[in-house]
Amino acid sequence: MSVIAVKLPDGSSRSLPEGATVRDLAAAIGAGLAKAAIAGKVNGELVDVYAPLTDAAEVAIITDKSAEGLDIIRHSTSHLMAQAVKALFPAAKVTIGPSIETGFYYDFDVEQPFSPEDLEKIEEKMRELAKADIPIRREQLSKDDAIVLFKDMGEDYKVEIISDLDADTVSLYRQGDFVDLCRGPHLPSTSWCKAFKITSIAGAYWRGNENNRMLQRVYGTAFSDKKELDAYLERLEEAKRRDHRKLGRELDLFSFSDEVGAGFAIWHPKGALLRTIIEDFERKEHLKRDYDIVVGPQILKTELWQRSGHYENYRENMYFTEVDEQGFGIKPMNCLSHMMIYKSHLRSYRDLPLRFFELGTVHRHERAGVLHGLLRVRCFTQDDAHILCTPEQLDSEIKGVISFVNDVMGIFGFQYEMELSTRPDKSIGSDEDWERATNALLGALKDSGREFEINEGDGAFYGPKIDIKLRDCLDRRWQCATIQCDFTLPERFDLTYVDANGERKRPVMVHRVILGSIERFIGVLIEHFAGNFPVWLSPVQAMVMTVTDSQQPYAQQVYETLRGAGIRVQKDFRNEKLGFKIREAQLQKVPYMLVIGDREVETATVTPRFRDGSNLEPMKADSFAEFIIKESANHK
RNA sequence: GCCGUUGUGGCUCAGGGGUAGAGCAGCUCACUCGUAAUGAGCAGGUCGUCGGUUCGAUUCCGACCAACGGCUCCA
């Protein structure tokens, strides 16, 4: 019998008998590894443990410790779920079932949508099949044979997928009587699915196209062991506890009302104060960076929207009204008035760049099913700016915005990632303009030295964009900041400036937001801090509370001193037990509580108690005010 | 917009073909109290909206509205 030699990741090589598989290799290295091997990577390609090795191949063993291993576990678990569904509902047609970031899903075409009880049955069946330890084996078939096979089984979707494939042969995976078209690799057998849970069910269009039939998508998650699964489920619970819709109500920040209308938040005093703090911060930061604050109206004539292209491309998202037989569009974006401000003067190249900043409130008619708390609303305020500059200034302006984003994200304590989105199908403007704009963004991204991704066809209709996704403390990503190039609007509005030679030139425009929508940003902020806002953002920074009625006069003095110093302070002089007042302030997540008892009255001090239960040293009320002011200035 | 689930007092939830209950919050009274809930009493709902079935609907049926979980779309 001849012998082959394979190379391992550490550079060493191993001799194996011809026909040896990945599993054999793992066994040759050690019994522990053989037990942990769920797949292999041969010459950079993932394969099953049953895959035979070839001479001189570079081989790595994949275990459940790696991201690739987890991916395979999830993918195989989705197959296990499909097997269970076919066993319980033979009429169900299988479609696709990939692993995703948080687990996996499988889409089924069924006459009757699954009920919660069905899901329980499916999960139970999955356990049963996993326990049976059914081997999962790969088969290779010609395309035509595969089509016949799936046609005979009535799996029309699989037939469609295979027919679209550009290959002569396809691979199948068989586990018991269940067969699925799949590239693989998969786990050695079903018993390797050890820790999984079906999490939810939802409708999903076949191939993601809303004109197609709606399928039933069953979501689940899987991990290499129970402990990690439990940790994930606990994280879901934590996310639920932090849900900004729940905290928004509990902290009395905002609400929604049927009578007001879907997607329109109403801001209660504490929420409105939080907004104001953020908005004041933004004005200050923009003025620091040479932006000009501007303000435009809420509705503008329909003809203006026609001229800008919004009427053509964005009409279905806009609200329209009529006043004195004149049509108006409620603004879904702030750019138009900024354009008109630019046009109000003859501009020189010496004026540029011009940076117009507006905390602009916009209305967008979002489809009913997409609304979600503050994260997706129909009326929101953007920290919007339009930069008008010469083509030569474009690069440095974009870099300036990226650095602005970096500063602000640092202050709020968010990590972030950047993505470049290119020209979509529905768009306006010439190919040359698109290319120029895309290159400008690409150049700035490369210069930033940070990693970024490219989303083909994801740009706005008027230009390419950089999207910035911040990452919260639960590692979730949120789209907030965006930087969008626009060579089209200056053209449509015939914006010009006079260059050094006295010639009329066309400026370039950049739309950009830093926080994006104040609403969405606050939603993210609430969840990120679980409502425990840092002192500089807390709508109520301190609560003065008395032990008994007798301390009221002094407590009132403390309250007035702090109010006078600009501290956001409230008082609780109710005739309640101290424990009760502390509990309430604690639930309201107020950072500092100032308990005023006889001790404080006698020494004319306050003893600040932080919401984590720790105390500061007793101090005079004005020292406490200074302390809060200093903390706030440092964005603590 | 599409699929599924849900809709009972401010909040969390029970109930169910014969015109509704609990806890918390609210109000009143007593207690004057030192770091996460003092006690007692009172009040509060045309059971999401509009139709239909029925002697009778909050309960059954239908439509609409809204919320929730997704899909598609997006700041």
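Just so you know, these numbers come straight off a predicted model, no measurement behind them.

Caption draft 1: Spotlight on the overall build of chain A. From N to C terminus, chain A includes 20 helices and 32 strands. Each principal axis of the C-alpha distribution contributes one length, and for chain A these read about 95 × 75 × 55 Å. Sorting the 636 residues of chain A into buried and exposed places 51% on the buried side. Sequence-distant contacts, at least 24 apart, represent 68% of the contacts inside chain A between residues at least 6 apart. A total of about 30200 Å² of accessible surface is found on chain A, and carbon and sulfur atoms cover 49% of it.

Caption draft 2: Summary view of the sheet that holds strand E5 (residues 59-63). The three strands lie next to each other as E4-E3-E5, forming an open sheet whose pairing is antiparallel. What marks the edges here is a single partner per strand, and that holds for strand E4 (45-47) and E5. Across this sheet, the average inter-strand angle for adjacent strands is 30 degrees, counted without regard to direction. Looking at chain direction, strand E3 (residues 37-42) and E5 are connected through five bridges and run antiparallel. The residue of E5 that forms the bridge with lysine 41 is alanine 60.

Caption draft 3: Expanded view of the sheet that holds strand E17 (residues 299-301). Strand order in the open sheet formed by three strands is E17-E19-E18, and the pairing between neighbours is antiparallel. Looking at which strands have only one partner, the edges of the open sheet turn out to be E17 and strand E18 (320-323). Across this sheet, the average inter-strand angle for adjacent strands is 40 degrees, counted without regard to direction. Across four bridges, the pairing between E18 and strand E19 (residues 326-330) is antiparallel. Its bridge partner being in E19, valine 323 is matched across the sheet by glutamine 326.

Caption draft 4: Region of the structure containing the protein's contact with RNA strand B. Around RNA strand B sit 53 residues in total, of which Tyr205, Arg376, Gln479, Asn575 and Arg609 are the nearest. A share of 47% of the atoms of RNA strand B within 4 Å of the protein falls on sugar and phosphate groups. Residue glutamate 210 places a side-chain N or O atom 3.3 Å away from a sugar or linking oxygen belonging to RNA strand B. Here a sugar or linking oxygen of RNA strand B and a side-chain polar atom of glutamine 216 are 3.2 Å apart.

Caption draft 5: Expanded view of the domain arrangement of chain A. By the assigned domains, chain A splits into domain 1 (3-63), domain 2 (68-240), domain 3 (254-296 + 332-529) and domain 4 (542-633). Between the C-alpha centres of domain 1 and domain 3 there is a distance of 51 Å.

Caption draft 6: How the structure looks around the packing of aromatic side chains. Here the structure, examined in full by the defined rule, presents 20 aromatic pairs. Consider the rings of tyrosine 592 and phenylalanine 610, whose centres lie 5.1 Å apart with planes at 55 degrees: the pair is tilted. In this pair, tyrosine 592 sits in strand E31 (residues 592-596) while phenylalanine 610 sits in strand E32 (residues 608-610), placing the two residues 18 residues apart along the sequence. Since its relative accessible area comes to 23%, phenylalanine 610 is described here as partly exposed. The interplanar angle of 35 degrees and the centroid separation of 6.3 Å between the aromatic rings of phenylalanine 624 and phenylalanine 627 together place this pair among those described as tilted. With phenylalanine 624 and phenylalanine 627 both in helix H20 (residues 621-633) and three residues apart, the pair spans about one turn of that helix.

Parameters and conventions
- Residues numbered from 1 in each chain as written.
- Chains lettered and ligands numbered in written order.
- Predicted model: local features only at pLDDT ≥ 70, side-chain atom pairs only at ≥ 80, totals over all residues.
- Heavy atoms only, no water.
- Helix = DSSP H or I, 4+ residues; strand = E, 2+ residues; numbered from the N terminus.
- Buried < 20%, exposed > 50% of the residue type's maximum accessible area, 1.4 Å probe, protein only.
- Contact = heavy atoms within 4.5 Å.
- Areas by Shrake-Rupley, 256 points an atom, 1.4 Å probe, with all protein chains shown as cover.
- Pairing = 2+ DSSP bridges.
- Axes fitted to C-alpha atoms, helices over the stretch in contact; angles between N-to-C directions.
- Near = heavy atom within 4 Å.
- Polar contact = N/O pair within 3.5 Å; in protein donor to acceptor, adjacent residues only side chain to side chain.
- Domains from an automatic or database assignment.
- Phe/Tyr/Trp six-rings, centres within 6.5 Å; stacked < 30°, edge-to-face > 60°.

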